[in-house]
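# Working through the structure, step by step
Each chain, letter by letter, is given below.
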Amino acid sequence: MADDKKAPAGAAAPPVATPVADGLTRRQVLRSGMFATVGAFFGTLAGGSAAMFWPIKLTGFGGVVSVPKKLNEIKVGEVVTVREGKFYLTRSEEGLMALYWKCVHLGCTVPWNQGAGKFLCPCHGSVYTLDGQNVAGPAPRPLDMMEITVSGQDITVNTGKITQRSTHDPEHFTKVG
Ligand code: FES
């Protein structure tokens, strides 16, 4: 009996899956590669998304910074420089101030001058008192202040909470015992 399904003369033979390695066909190898690529893509996407929603612990400038001295170690009239938070913690009879060290004129860093007992801006000569009040030079207002929290003898400053003020007010001090 003749075979009805015989290919016509001259027709190409149907493709045959050829093993390329360890019995895997080319199609299986390509499929595995595709799945690996798609898996890597979604893995990266998921990792990035998870990182985006992970709470970031802010330290340094922009976050809450600890003052390296205890409250009872800071004398009246003293200025503690806290580089990590870009501020000065000052203590006067009225209480504590945390002053952002950026000059409110054009942004220079204002150093404390112990001899003068003032903050003296080296750029254009603005002068500020211990509590940040501008008393000379082109600065239009006092140094900006940051929020202070006192817990026992520990002092922390929220450097992400900077307040501008048009003039110094006794209300700006954080009162301590
Ligand atoms: S930047 Fe300080 S006085 Fe100009």
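Above this text you will find the structure in question.
Residues numbered from 1 in each chain as written. Predicted model: local features only at pLDDT ≥ 70, side-chain atom pairs only at ≥ 80, totals over all residues. Heavy atoms only, no water.

### Focus on the sheet that holds strand 10 (residues 134-136)
Reading across from one edge, 7-8-9-10 is the order of the 4 strands in this open sheet, with antiparallel pairing throughout. Edge positions in the open sheet fall to strand 7 (112-113) and strand 10, since each of these has one partner strand only. Where strand 7 meets strand 8 (residues 118-120), 2 bridges bridge the pair, whose relative direction is antiparallel. From the neighbouring strand, Asn-113 faces strand 8, where its bridge partner is Lys-118. (Pairing = 2+ DSSP bridges. Helix = DSSP H or I, 4+ residues; strand = E, 2+ residues; numbered from the N terminus.)

### Thoughts on the pairing of strand 5 (residues 87-92)
Counting buried residues in strand 5 gives 6 out of 6 residues, a clear majority hidden from the surface. Burial along strand 5 is two-sided: the face carrying Phe-87, Leu-89 and Arg-91 and the face carrying Tyr-88, Thr-90 and Ser-92 are both buried. One ladder, built from 4 bridges, connects strand 4 (residues 79-82) with strand 5; its direction is antiparallel. Counted as the bridge partner of Val-80 is Leu-89 from strand 5. Remark: 4 residues form the turn of the hairpin made by strand 4 and strand 5, two consecutive strands paired antiparallel; Lys-86 in that turn has positive phi of roughly 55°. Of the pairings in the sheet, the one linking strand 5 to strand 6 (residues 95-100) comprises 6 bridges and is antiparallel in character. By the bridge assignment for strand 6, Ser-92 is matched with Gly-95. Connecting the antiparallel pair strand 5 and strand 6 is a turn made up of 2 residues. (Buried < 20%, exposed > 50% of the residue type's maximum accessible area, 1.4 Å probe, protein only.)

### Quick notes on the packing of aromatic side chains
As enumerated under the stated definition, the model contains 4 aromatic pairs in all. Considering the side-chain rings of Tyr-88 and Phe-119, the 4.9 Å spacing of their centres and the 40° angle between planes classify their relative orientation as tilted. Of the two residues, Tyr-88 is situated in strand 5 and Phe-119 in strand 8; the sequence distance between them amounts to 31 residues. Side by side, Tyr-88 and Phe-119 carry an identical accessibility label, which is buried. A ring pair is formed by Trp-112 and Phe-119, whose centres lie 4.7 Å apart and whose planes are at 65°; its orientation type is edge-to-face. On the basis of relative accessibility, which here comes to 0%, the residue Phe-119 falls in the buried class. Put simply, the rings of Tyr-88, Trp-101, Trp-112 and Phe-119 touch in pairs and so form one group of aromatic residues. Here Lys-86 stacks its cationic end above the ring of Phe-61, 4.8 Å away from the centre of that ring. (Phe/Tyr/Trp six-rings, centres within 6.5 Å; stacked < 30°, edge-to-face > 60°. Lys NZ or Arg CZ within 6 Å of the ring centre and 35° of its normal.)

### Things to note about the pattern of salt bridges
A complete count under the given rule lists 5 salt bridges for this structure. Residue Lys-70 is joined to Asp-154 by a salt bridge in which the shortest nitrogen-to-oxygen separation is 2.3 Å. Here Lys-70, found in the loop between strand 3 (64-66) and strand 4, pairs with Asp-154, found in strand 12 (residues 154-163); they are 84 residues apart in sequence, far enough to count as distant. Taking the relative accessible area as the measure of exposure, Asp-154 reaches 38% and is therefore partly exposed. Of the charged contacts in the structure, one is a salt bridge between Glu-78 and Lys-75, with a shortest N-O distance of 3.9 Å. (Salt bridge = Lys/Arg side-chain N within 4 Å of Asp/Glu carboxyl O.)

### Re the environment of Gly-117
Looking at the element boundaries, Gly-117 is found in the loop between strand 7 and strand 8. Looking at Gly-117, the relative accessible area reads 28%, which means it is partly exposed. Along the primary structure Gly-117 and Leu-130 are separated by 13 residues, whereas in three dimensions their C-alpha atoms are 7.3 Å apart.

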